[in-house]
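Residue-level listing of the chains:
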Amino acid sequence: GFADRIYATDTGARIWRFDIANGQPRGSLVAGGVFASLGAADMSTPTIADARRFYSVPDAAIVRNRGSNPYLVIVVGSGYRGHPLNMNIQDRLYMVKDTSPFAVLTQAQYNTVMSTPSYVTDSQLVNITDNLTATVLTADKGWKLELRDGTSTWIGEKALSAANIFNNRIFFTTYIPTQSV
């Protein structure tokens, strides 16, 4: 009946994971760090196209496939809510796997993850944009769906609200700014 995990996002396109060790003293009750960095926040030489931002809360669901260990999927879409007409940032919808859904990490373990870094990055995800029925293997860290048209042209499409998982499906809305004539 107690919360034991929190996922949060920030405007640097990072997903944070926090473990709650119920019953522990205040100093060790919560430990956490960056779980995935999917935009420019942790890049050494980012471009404007990489300046993705998360404004919505992520949604999570547990996946239990027969014959494999359960894992959590976290979904979130990027979009620059403060500038909805921006057409330079290459926004995406993400699904990232947490393959350790029941492990509670200490802050020292999170600090190791942050310094390595071993968090998930955009380049590690399977790109399903041109093949929505692509197979995402158990070993894959997740997938990304680029919000662009069918001709590989970025048109400023962005997610400005939360994605939701329901009945093994992801529901999300996007916004495409109109182009002046």
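The structure this text deals with has already been given above.
From a predicted model like this one, the values you see are computed outputs, not experimental measurements.

S.K.: Any chance you could explain the pattern of salt bridges here in plain terms?
M.R.: Pairs may arise between side chains of opposite charge once their charged atoms sit close together. By the definition in use, this model includes 13 salt bridges. Its salt-bridge partner being D98, residue R17 comes within 3.0 Å of it at the nearest N-O pair. Taken as a pair, R17 in strand β2 (residues 14-20) and D98 in strand β6 (residues 92-98) lie far apart in primary sequence, 81 residues in all. Taking relative accessible area as the criterion, R17 reaches 4% and is therefore assigned buried. A salt bridge links E146 to R148; the shortest N-O distance between them is 2.6 Å. On the basis of relative accessibility, which here comes to 12%, the residue E146 falls in the buried class.

S.K.: Whenever I open this one, the pairing of β2 confuses me. Can you help?
M.R.: On any regular strand, side chains alternate: one points to one face of the sheet, the next to the other face. Most of β2 sits inside the fold, with five of its seven residues counted as buried. Inspection of the sheet shows strand β1 (residues 5-9) paired to β2 by five bridges, in the antiparallel sense. Residue I6 lies in a different strand from β2, and its bridge partner there is F18. Following β1, the chain reverses through four residues before pairing antiparallel with β2; A13 in that reversal takes a positive phi of roughly 65°.

What counts, and at which threshold
Residues numbered from 1 in each chain as written. Predicted model: local features only at pLDDT ≥ 70, side-chain atom pairs only at ≥ 80, totals over all residues. Heavy atoms only, no water. Salt bridge = Lys/Arg side-chain N within 4 Å of Asp/Glu carboxyl O. Helix = DSSP H or I, 4+ residues; strand = E, 2+ residues; numbered from the N terminus. Buried < 20%, exposed > 50% of the residue type's maximum accessible area, 1.4 Å probe, protein only. Pairing = 2+ DSSP bridges.

Purely spatial values, then, with no claim about function.
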